[in-house]
Amino acid sequence: MISGAGAFGNNEYDAIVIGSGAAGLTCATRLAQAGQRVLLAEKNEWLGGYSHGFSQDGFYWDHGGHIFLAYKLGAQARQVFQRLKLDQRLEMVPDKHDYRCIFPDESLAIPADMTEAADVFTQRFPDEREGIARVLLIMESMIDQVDAFVPSFRVADRPGERHLFDPVMEQFQRPKFGSLLSRSVRGQLMPGSNLLKYQTRTLTDLLNEYLRDPRLKGYFSMLSAGIGIGPSRLSAPIAGVFFIHALRTMWMPKGGFGQLAASLGELFEESGGTIVTGAEVSRITTHEGRVTGVETADGRNYRANYVVSACDARHTFLDMLDPLVVPADLRARLPKMDLSPSIFQVHLGVDMDLEPYRKDIKRLNFIYSTDNIDRAMQNFPEGNVEDAAFFLYVATFHQPEMAPPGQHSLKLEAYTTLNARGIDWERDKEQISQVFIRRAEKLIPDLGNHIVTKALRTPNDLLRDTGNSEGAFAGWAFTPELLSRGRPQQRTPVPGLYLAGHWTTPSAGVPWVMLSGFNTAGMVIADRQGGRKLPLPRTLLERRRAAQGKPLPPERAALITGSPRDDD
């Protein structure tokens, strides 16, 4: 690893990857393992982005991940691990999570098994047995249909692989076309019918169709406090992916998610890759419309005809590129696209024995002031900390290595916004942390008197560390409009520029951004090997016309091909 301004020397590479989160590391590693000369540019002095973790006084916490989805046999995450040979150096420990959803007047423990969870819901709401089963089965079917029919959720077997019917499958993801088709097949048991029906709908839409009790709908929406969006805005398929995967056996990286970044970094360097830390990319350089390399904030220049941005898409297109090379519709659309929220975190190391409370607290505990989950999720952004939705996460219930023997690593985490009403994060963070600790004491009495060490992270910290617009924790929002097809695509309209991670397809979450990075690397490999010719560069006049939103002459437009429009 090369650090800081001393990183000079040969600056010619086959490809440059910007950002060392899980997506950037995965992409860079696959490229290097394919024999490419790759530079990984990271603005921080450490690797991992939001897959990074940190330790203090013998305790360890992850910045981001709490669950690791899609690692069962044959699933995407396991395939990526095996193809990179990451599974040979990072130990993944099987784990059955447990959950509790807590309202002011009652709570419900949810076991990590779909059938058992259905029984728990049915015991509490016996009159809704049929609806409970129907919702869970629809959610489960949507996972299978996403994997089968959405190309960006498939691990490509060969670099840049495209199946014969992929273009057709991608057309079904267009909101207007998908909605029209879903109405024509409603009631028919055709493959993909649930995905077609619900891809433009929210979790609330799905729950209202089959359930009546508001409290039951609240329990089905419990993960909102863990993924940062209320059910009235949360995409129904995404809700199904998270909810059903959470009820399955998961494999967690031993030692925390930071070990994932460390292992990928080692693999990348062993494969001949070069890491430069302290290298904040300020500009992606171009010539006649094609990418030529990057320039860092301190003036270093690195050259490559292929650049992968695994960082903020808004910043990439609106700040790092010459406006003349970015299509006008994309520049107009990006600022209007909804973002995921930011996060406030209270990391605690405690010296108390939590086993006496094990019946009441689970590894993940979602705490709400009301069963109106949408209302609860709005409280913190509106400055109401006392009623903010949050979760209590006890990593050491299943990962004891995260704390000294007999002690525990806890996290209190709540979603909010960078500009939450009336809050100055530096001024108010200690006071806000005390509110969450006091509220957690309703579950763990006397918690405040057993804190050995504490570390706070605010939206300001997330913005600084990741560079994500407005401190967004997962790129674009998990709304129906921003499913796979609604996002900027991995192969961009700028020749030689690619995206990887939660700012592109398929979605956010560590397994999905690793999948994104893996497949983006395959696109670069295929394009470099001649599997796809780069678009012809635009002339200066044509670039100006594009920047102004003016169409090109048809005969010229046919020769200049970029990514298709992502919207309708």
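From a predicted model like this one, the values you see are computed outputs, not experimental measurements.

Thoughts on the overall build of the protein
Turning to step 1, where the next piece is worked out: Counting its regular elements, the protein contains 20 helices and 20 strands.
Turning to step 2, where the next piece is worked out: A total of 568 residues make up the protein; the buried ones form 61% of that total.
Turning to step 3, where the next piece is worked out: Long-range contacts, defined as pairs at least 24 residues apart, comprise 74% of the intrachain contacts of the protein with a sequence gap of at least 6.
Turning to step 4, where the next piece is worked out: As presented, the protein carries roughly 22000 Å² of accessible surface, and 50% of it is formed by carbon and sulfur atoms.

A word on the pattern of salt bridges
Turning to step 1, where the next piece is worked out: Per the stated rule, a full pass over the model turns up 30 salt bridges.
Turning to step 2, where the next piece is worked out: Across the pair arginine 89 and glutamate 266 runs a salt bridge whose closest N-O atoms are separated by 3.4 Å. You can see arginine 89 sitting in the loop between α2 (76-84) and β6 (92-95) and its partner glutamate 266 sitting in helix α12 (residues 258-270), a full 177 residues away along the chain.
Turning to step 3, where the next piece is worked out: Judged by its relative accessible area of 40%, glutamate 266 falls in the partly exposed class.
Turning to step 4, where the next piece is worked out: The shortest N-O distance in the salt bridge between glutamate 209 and lysine 197 comes to 2.7 Å.

Description of the sheet that holds strand β12 (residues 290-296)
Turning to step 1, where the next piece is worked out: Taken in spatial order, the three strands line up as β11-β12-β13 in an open sheet, and their pairing is antiparallel. Both edges of this open sheet fall to β11 (281-287) and β13 (301-303), since each of them pairs with a single strand only. Within this sheet the neighbouring strands show an average axis-to-axis angle of 30°, counted without direction.
Turning to step 2, where the next piece is worked out: By the bridge criterion, three bridges tie β12 to β13 in an arrangement that is antiparallel. Paired with glycine 293 across the two strands is arginine 303, which belongs to β13.

Some remarks on the sheet that holds strand β8 (residues 106-111)
Turning to step 1, where the next piece is worked out: Taken in spatial order, the seven strands line up as β8-β7-β16-β17-β18-β15-β19 in an open sheet, and their pairing is mixed. Of all strands in the sheet, those bounded by a partner on one side alone are β8 and β19 (451-457). Looking at each pair of strands side by side, their axes are set apart by 15° on average, direction ignored.
Turning to step 2, where the next piece is worked out: Here strand β16 (residues 364-367) runs beside strand β17 (residues 390-394); their pairing, made up of four bridges, is antiparallel. Looking at the pairing, phenylalanine 366 lines up with phenylalanine 391 of β17.

Here we look at helix α17 (residues 459-466)
Turning to step 1, where the next piece is worked out: Among all positions in α17, only Pro459, Asp461, Leu462, Asp465 and Thr466 are buried. Mapping the buried residues of α17 onto a view down its axis gives an arc of 155°, with all of them on the same face.
Turning to step 2, where the next piece is worked out: Where α17 is buried, its residues contact β15 (342-350), β18 (408-416), α16 (425-440) and β19.

Topic: the packing of aromatic side chains
Centre-to-centre distance and the angle between the planes together describe a pair of aromatic rings.
Turning to step 1, where the next piece is worked out: If you walk through the whole model with that rule in mind, you get 26 aromatic pairs.
Turning to step 2, where the next piece is worked out: Taken together, a centroid distance of 5.8 Å and an interplanar angle of 75° make the contact between phenylalanine 380 and tryptophan 425 edge-to-face. Here tryptophan 425 lies in helix α16 and phenylalanine 380 lies in the loop between α15 (373-379) and β17, a separation of 45 residues in the sequence. Accessibility classification places phenylalanine 380 together with tryptophan 425 in one group, the buried group.
Turning to step 3, where the next piece is worked out: Seen in terms of ring centroids, phenylalanine 380 and phenylalanine 436 are 5.6 Å apart; in terms of plane orientation they differ by 65°. Their pairing is edge-to-face.

Let's talk about the pairing of strand β7 (residues 98-103)
Turning to step 1, where the next piece is worked out: Burial runs high along β7: six of the six residues are buried.
Turning to step 2, where the next piece is worked out: Residues Asp98, Arg100 and Ile102 of β7 are buried on one face, and the alternating residues Tyr99, Cys101 and Phe103, pointing to the opposite face, are buried as well.
Turning to step 3, where the next piece is worked out: Strand direction decides the pairing type here: β7 and β8, joined by six bridges, are antiparallel. When the bridges of β8 are listed, cysteine 101 appears paired with leucine 108.
Turning to step 4, where the next piece is worked out: Taken together, β7 and the strand that follows it, β8, pair antiparallel across an intervening segment of two residues.
Turning to step 5, where the next piece is worked out: Here β7 runs beside β16; their pairing, made up of four bridges, is parallel. Residue pairing across strands places tyrosine 99 opposite leucine 364, the latter belonging to β16.

A few points about the side chain of aspartate 461
Turning to step 1, where the next piece is worked out: Note on placement: aspartate 461 falls in helix α17.
Turning to step 2, where the next piece is worked out: Within polar-contact distance, the side chain of aspartate 461 engages the backbone nitrogen of threonine 458 at 2.8 Å.
Turning to step 3, where the next piece is worked out: Only 2.9 Å separates the side chain of aspartate 461 from the side chain of arginine 464, close enough to count as a polar contact.

A closer look at the side chain of histidine 408
Turning to step 1, where the next piece is worked out: Turning to its location among the elements, histidine 408 is positioned in strand β18.
Turning to step 2, where the next piece is worked out: Among the polar contacts listed, one links the side chain of histidine 408 to the side chain of threonine 396, at a separation of 2.7 Å.
Turning to step 3, where the next piece is worked out: Once residues lying within four places of it in the same chain are set aside, the contact partners of histidine 408 are Phe59, Leu348, Gly349, Val350, Met352, Leu354, Val394, Thr396, Phe397 and Ala403.

Description of the environment of serine 484
Turning to step 1, where the next piece is worked out: Looking at the secondary structure, you find serine 484 in the loop between α17 and β20 (497-499).
Turning to step 2, where the next piece is worked out: The class for serine 484 is buried, based on a relative accessible area of 8%.
Turning to step 3, where the next piece is worked out: C-alpha separation for the pair serine 484 and proline 151, spaced 333 residues apart in sequence, amounts to 9.4 Å.

Here we look at α12
Turning to step 1, where the next piece is worked out: Here α12 is 13 residues long and its end C-alpha atoms lie 19 Å apart, about the 18 Å a rise of 1.5 Å per residue gives.
Turning to step 2, where the next piece is worked out: Glycine 272 lies just past α12 and shows a positive phi near 100°.

Conventions and cut-offs
- Every chain is numbered independently, its residues counted from 1 as its sequence is written.
- Predicted model: local features are reported for residues with pLDDT of at least 70 only, side-chain atom pairs are reported and counted for 80 or more only, and whole-chain, interface and lining totals are derived from all residues.
- The side-chain numbers reported here are obtained from all heavy atoms of the structure, hydrogens and water having been left aside.
- Only DSSP runs of H or I reaching four residues or more are called helices, and only runs of E reaching two or more are called strands; each is numbered from the N terminus.
- Relative accessibility under 20% of the residue-type maximum defines a buried residue, over 50% an exposed one, and the middle range a partly exposed one, all with a 1.4 Å probe and only protein chains included.
- We call two residues in contact whenever any of their non-hydrogen atoms come within 4.5 Å of each other.
- Every accessible area reported is derived by Shrake-Rupley at a probe size of 1.4 Å, with residue values counting cover from the shown protein chains alone.
- Any carboxyl oxygen of Asp or Glu within 4 Å of a side-chain nitrogen of Lys or Arg constitutes a salt bridge here.
- Any two strands with at least two DSSP-identified bridges between them are counted as paired.
- Angles here are taken between N-to-C directions and fall from 0 to 180 degrees, while the axes themselves are lines fitted to C-alpha atoms, restricted in helices to the stretch in contact.
- Directions are taken from the helix axis to each C-beta atom, and the arc is the one they span.
- A pair of Phe, Tyr and Trp rings is counted when the ring centres sit within 6.5 Å of each other, with Trp represented by its six-membered ring. The angle between the planes then sorts it: under 30 degrees is stacked, over 60 is edge-to-face, the rest tilted.
- Two N or O atoms form a polar contact when they lie within 3.5 Å of each other; inside protein one atom must be a possible hydrogen donor and the other a possible acceptor, and for residues adjacent in sequence the pair counts only when both atoms belong to side chains.
- An expected span of 1.5 Å times one less than the residue number is assigned to each helix.

As far as function goes, none of this settles anything; it's purely spatial.
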